[in-house]
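Geometric and topological summary
Take a look at the letters that make up each chain.
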Amino acid sequence: MNLVLLGPPGAGKGTQAKLLEDGHALTKLSTGDMLRAAVAAGTELGRKAGDIMERGALVPDDLVIKLIAERMDEGGEGRGYILDGFPRTIAQAEALDRLLAERHKRLDRVIVMEVDDEALVERITGRFACADCGEGYHDIYKPTKVPGVCDRCGGTQFVRRRDDNEEVVRARLKAYHA
Ligand code: ADP
């Protein structure tokens with residue numbers, strides 16, 4: 001089964017993709033995660049994408065299409081894909097059709113997650129994650145039980161995404177709606 005999760009930033013695509021990945025034999029392909037890994041690793045792609053991501057704009061189609069194409073061939077044979085954050089433009093959607101057809105696969109479902117913009121801003125600006133295990137939290141809706149200590153792994157370091165501030169979130173929402 002091959003799925004696309006569509007939805008604005010903060011809708012919960014990543015969370016749902018993870019649940020689906022764990023519960024089914026599916027490989028999650030998240031362009032946002034791949035791009036953040038490239039930025040952290042300081043690769044050529046990361047250098048090109050970093051500034052764009054900090055502004056909340058979209059990274060050029062050719063770069064993300066190449067990234068997805070490479071990853072599609074890495075997963076275990078026969079496993080389906082959960083695409084999280086891709087496609088985001090018509091050119092990317094057309095590329096996905098081609099990439100699937102070349103691999104004799106088809107898209108089975110597209111799940112659209114709809115959330116009100118103001119709720120998204122509130123969700124995103126309050127979110128943070130454990131730097132060790134990745135468990136997600138929120139300042140108001142899901143704080144750690146013990147302040148400063150991860151409920152899941154006991155870690156004490158937490159991270160916030162650089163683009164999770166109100167100004168950039170509004171730019172990301174604008175790019176999403178466009
Ligand atoms: P969100 O859905 O919360 O905005 P993502 O982690 O999916 O977050 O994406 C973070 C950033 O990475 C985007 O703002 C954009 O700059 C870039 N990005 C991710 N996926 C794509 C894509 N398919 N096309 C273009 N840019 C992308």
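Preceding this section is the structure that the text describes.
A brief structural summary. (Residues numbered from 1 in each chain as written. Predicted model: local features only at pLDDT ≥ 70, side-chain atom pairs only at ≥ 80, totals over all residues. Heavy atoms only, no water.)

The next thing to look at is the site of the ligand. Around the ligand, the surrounding shell holds 18 residues, and the nearest of these are Thr31, Arg36, Ala57, Gly85 and Arg172. Note that an oxygen atom of the ligand is positioned 2.9 Å from one of the side-chain N or O atoms of arginine 36. Relative to its unbound accessible surface of 540 Å², the ligand loses 96% to contact with the protein. The biggest single contributor to the shell around the ligand is helix H2 (residues 31-41), with four residues. In terms of residue class, the shell around the ligand is made up of eight nonpolar, four polar and six charged. (Near = heavy atom within 4 Å. Polar contact = N/O pair within 3.5 Å; in protein donor to acceptor, adjacent residues only side chain to side chain. Areas by Shrake-Rupley, 256 points an atom, 1.4 Å probe, with all protein chains shown as cover. Helix = DSSP H or I, 4+ residues; strand = E, 2+ residues; numbered from the N terminus. Nonpolar A, V, L, I, M, F, W, Y, C, P; charged D, E, K, R; others polar.)

Let's shift gears to the sheet that holds strand E1 (residues 3-6). Strand order across the open sheet formed by four strands is E2-E3-E1-E4, with parallel pairing between neighbours. A single partner strand is all that each edge strand has here, and the edge strands are strand E2 (26-30) and strand E4 (109-112). Taken pair by pair, the neighbouring strands of this sheet meet at an average axis angle of 20 degrees, ignoring direction. In this structure, E2 lies alongside strand E3 (residues 80-84), joined through five bridges in parallel fashion. Within E3, the residue paired with serine 30 across the bridge is aspartate 84. In the packing of H2 onto the sheet, contacts are made with E2 and E3, and the angle to E2 comes to roughly 60 degrees. (Pairing = 2+ DSSP bridges. Axes fitted to C-alpha atoms, helices over the stretch in contact; angles between N-to-C directions. Contact = heavy atoms within 4.5 Å.)

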